[in-house]
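Understanding the architecture of this molecule
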Amino acid sequence: MNKNIPCTKILLAKNEAGSAGYCESCDVVELGIGAISIRIVATDLYYIAQLLKVADTNMAHYHLAKDCEQHQSVQSTEVVH
Ligand SMILES: [Zn+2]
């Protein structure tokens with residue numbers, strides 16, 4: 001943290017989930033999600049983005065798999081009866 005340079009936050013992104021701002025003098029990305037504010041080292045942003053991306057993809061797969069399971073169980077029940 002450089003105390004000589006005042007914090008100037010640049011808004012990187014904003015949506016219904018929250019916002020992400022960058023402070024160049026601190027080299028910190030501040031994530032604001034609801035009432036929670038998380039400050040992360042700027043270089044970690046990539047990994048956090050990847051983490052959320054993979055989580056989102058896997059969540060979609062999870063829901064798809066669950067839907068398939070339900071359809072299959074419904075179909076097999078129909079076959080039995
Ligand atoms: Zn700062």
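Parameters and conventions
Residues numbered from 1 in each chain as written. Predicted model: local features only at pLDDT ≥ 70, side-chain atom pairs only at ≥ 80, totals over all residues. Helix = DSSP H or I, 4+ residues; strand = E, 2+ residues; numbered from the N terminus. Buried ≥ 20, exposed ≤ 12 C-beta atoms within 10 Å, placed from the backbone. Contact = placed C-beta atoms within 7 Å. Pairing = 2+ DSSP bridges. Axes fitted to C-alpha atoms, helices over the stretch in contact; angles between N-to-C directions. pLDDT = per-residue confidence, 0-100.

Another point: the overall build of the protein. From N to C terminus, the protein includes one helix and four strands. In the protein, the succession of helices and strands from N to C terminus is β-β-β-β-α. When burial is assessed residue by residue, the protein has 2% of its 81 residues classed as buried. Considering only contacts within the protein whose residues lie at least 6 apart along the sequence, 2% involve residues at least 24 apart.

In this fold, Ala35 is placed in the loop between strand S3 (28–33) and strand S4 (36–41). Along the primary structure Ala35 and Gly18 are separated by 17 residues, whereas in three dimensions their C-alpha atoms are 9.4 Å apart.

What follows is about the sheet that holds S3. In spatial order, the strands read S1-S2-S3-S4; together these four strands make up an open sheet with antiparallel pairing. The open sheet terminates on both sides in strands that have one partner only, identified here as strand S1 (9–15) and S4. Ignoring which end each strand starts from, the neighbouring axes of this sheet average 20 degrees apart. Sheet analysis places strand S2 (residues 18–23) next to S3, joined by six bridges and oriented antiparallel. Paired with Ala20 across the bridge in S3 is Leu31.

Attention now moves to the confidence of the model for the protein. On average, the protein scores 89 in pLDDT, and the residues at 70 or more come to 86%. Per-element averaging of pLDDT across the protein places helix H1 (residues 45–80) at the bottom with 87 and S2 at the top with 97.

This part covers the environment of Glu30. One can find Glu30 in strand S3. Sequence spacing of Glu30 and Lys9 is 21 residues, and the spatial spacing of their C-alpha atoms is 8.8 Å. If near-sequence neighbours (up to four positions away) are discounted, Glu30 is found in contact with Lys9, Gly21, Cys23, Ser37 and Arg39.

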